[in-house]
Amino acid sequence: MKTFDLIEKKKNGGELTEGELAFFVRGATSGEIPDYQLSAMLMAICLRGMTDGETAVLTREMANSGETMDLDSLGIGDGSCDKHSTGGVGDKTTLIVAPAAAACGVRVVKMSGRGLGATGGTADKLESIPGFSCSLTTGRFVSLVKENGVAVACQGDELAPADKRLYALRDVTATVDSIPLIASSVMCKKLASGAHSIVLDVKYGSGAFMKTADEAEALAHLMVKIGEAHGRRMSVTATDMNRPLGFAVGNILEVNEAVRVLRGEESGELFDLSVRLTAEMVRLALGKDGDSSEKAAREAILTGAAYEKFLTLVEAQGGDATPLKAGGYYLVPAAERYEFRAEKDGYFTSPDAGLTGKASVALGAGRAKKGDAVDPAAGILLHKKDGERVRAGEVTAEIFAPDKEKLRDGAELMKKAFAAVS
Ligand code: URA
């Protein structure tokens, strides 16, 4: 078999066979297929698409390209659930949902990636807590899930290595926004990490890979089909990402906002979405009906049980919970800050999510390219809700950066983010 022939077949709109896809994934994993041929194939897939059958085979081969976890043999299969968002701006729901679902009795086996581009990763957010580490051995991960019902681990290099190589290439060849490539990339890692139930939140809008609700529906449908074909219980929600979720964008800022929700100090869309996703985890993993799952999810947050679990999670993974236990928040030790103020009396309009995400990267909160360091304190804090009354001169948003240059670049983009919606 020749890679050249497979690229040509896909370029001409052909359907790749199981054997051809297995050959492609093996070559990507071993390094035998060079970057330029992998990139050409990715572009051909991006432009020509894939049948659902091809996507299912690609996903299976990628899942099997490295280690796979059998949670049953590790003793944590029953009631296990993973949650994944396809990436949004200010999406810190996992920080709330993971402890909340664990407080309801779900075994939360959360595999997290590091953020890339405008969408932040849960691992980066949690690791902005001093001392917190998502680098867990399998043994440690399993014992934390057994003890506390929740652990958040970074995907190691052993899990779906084919996806690692392909994702890095997609990121620099403008081939990320392809439904079969996103579905296979997300689902291969979820299949390899073994949770019996999987709750997905597919985002659409200016701050997401999928720009429209229809595209998000198509992606959601495909991922459910792939998961169910592999015997997983699946739930998928499609949610709007044209405006940032909640008030904070940036690592420690988002942790502090999640703490506010967990302490019952913030209601609104972030609380509502967190309840909805937690309820789905409870429903799928514990087999409860919709109403009692929703009640359990809400109560877990409102009674403080989810917050207690969050503190346990933080300390179990090496994080310093002292400021929280003293009733405070984590410090935001940014060197530079800038305030946006209302020019006149009126109503606040929440900024465009896509441009806000770009601003957060410019400020240092996200990665422009793989391997970049993220600044835990950088980011954006909105002071007003969408549609809230503001008076001339009032602070509407603050931005934080490690140096003046990043602050200036981030401020320019935030101005555009506000202008785009006015
Ligand atoms: N998240 C992934 O893991 N892969 C994608 O392709 C997009 C989002």
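What you see is a predicted model; the values in this text were computed from it and never measured.

## So, the sheet that holds strand β9 (residues 379-382)
Right, so step 1: Read from one edge to the other, the open sheet built from 4 strands follows the order β6-β9-β11-β7, with strand pairing classed as antiparallel. At either margin of the open sheet sits one strand with a lone partner, and together these are β6 (248-249) and β7 (336-341).
Right, so step 2: Looking at chain direction, β7 and strand β11 (residues 395-401) are connected through 6 bridges and run antiparallel. Across the sheet, R341 pairs through a bridge with V395, a residue of β11.
Right, so step 3: Of the strands in this sheet, β6, β9 and β11 are in contact with helix α16 (residues 353-363), which crosses β9 at around 130°.

## A few points about the environment of V395
Right, so step 1: Topologically, V395 is positioned in strand β11.
Right, so step 2: On the accessibility criterion, V395 (16% relative accessible area) is buried.
Right, so step 3: Separated by 55 residues in the primary sequence, V395 and F340 place their C-alpha atoms 5.7 Å from one another.
Right, so step 4: Not counting chain neighbours up to four residues away, the residues in contact with V395 comprise E339, F340, R341, H383 and K384.

## Considering the sheet that holds strand β4 (residues 197-204)
Right, so step 1: Across the sheet, which stays open at both edges, the 5 strands sit in the order β3-β2-β1-β4-β5 with parallel pairing between neighbours. The sheet is open, and its two edges are formed by β3 (150-154) and β5 (233-240), each paired on a single side. Averaged over all pairs of adjacent strands, the angle between their axes in this sheet comes to 20°, without regard to strand direction.
Right, so step 2: Taken together, the 8 bridges between β4 and β5 define a ladder with parallel strand orientation.

## What to know about empty space enclosed by the protein
Right, so step 1: Tallied over the entire structure, the rule returns 2 cavities of 30 Å³ or more.
Right, so step 2: Taken as a whole, the second largest cavity spans an internal volume of roughly 30 Å³.
Right, so step 3: Forming the boundary of the second largest cavity are L42, M62, D163, L166, R170, L181, S184 and S185.
Right, so step 4: The class makeup of the residues in the lining of the second largest cavity is 4 nonpolar, 2 polar and 2 charged.

## Some thoughts on helix α2 (residues 18-30)
Right, so step 1: Under the 1.5 Å per step criterion, the end-to-end length of α2 is 18 Å for 13 residues, consistent within 8% with the ideal 18 Å.
Right, so step 2: Of all the residues in α2, the buried ones are E20, L21, A22, F24, V25, G27 and A28.
Right, so step 3: Looking at the residues trailing α2, positive phi occurs at G31, about 90°.

## Overview of the pattern of salt bridges
Right, so step 1: Summed over all chains, the structure comprises 31 salt bridges.
Right, so step 2: Across the pair D124 and R367 runs a salt bridge whose closest N-O atoms are separated by 2.8 Å. Of this pair, D124 sits in helix α6 (residues 122-126) while R367 sits in the loop between α16 and β9, and the two are 243 residues apart along the sequence.
Right, so step 3: Look at R367 and you get buried, because its relative accessible area is 8%.
Right, so step 4: A single salt-bridge network, built from bridges that share partners, covers R260, R263, E265 and E266.

Conventions and cut-offs
- Residues numbered from 1 in each chain as written.
- Predicted model: local features only at pLDDT ≥ 70, side-chain atom pairs only at ≥ 80, totals over all residues.
- Heavy atoms only, no water.
- Pairing = 2+ DSSP bridges.
- Helix = DSSP H or I, 4+ residues; strand = E, 2+ residues; numbered from the N terminus.
- Contact = heavy atoms within 4.5 Å.
- Axes fitted to C-alpha atoms, helices over the stretch in contact; angles between N-to-C directions.
- Buried < 20%, exposed > 50% of the residue type's maximum accessible area, 1.4 Å probe, protein only.
- 1 Å grid on protein atoms, 1.4 Å probe; cavity = no way out; pocket = protein on both sides within 12 Å on 5 of 7 lines; lining within 4 Å.
- Points joined across faces, edges and corners; volume = space filled by probe spheres on them.
- Nonpolar A, V, L, I, M, F, W, Y, C, P; charged D, E, K, R; others polar.
- Expected span 1.5 Å × (residues − 1).
- Salt bridge = Lys/Arg side-chain N within 4 Å of Asp/Glu carboxyl O.

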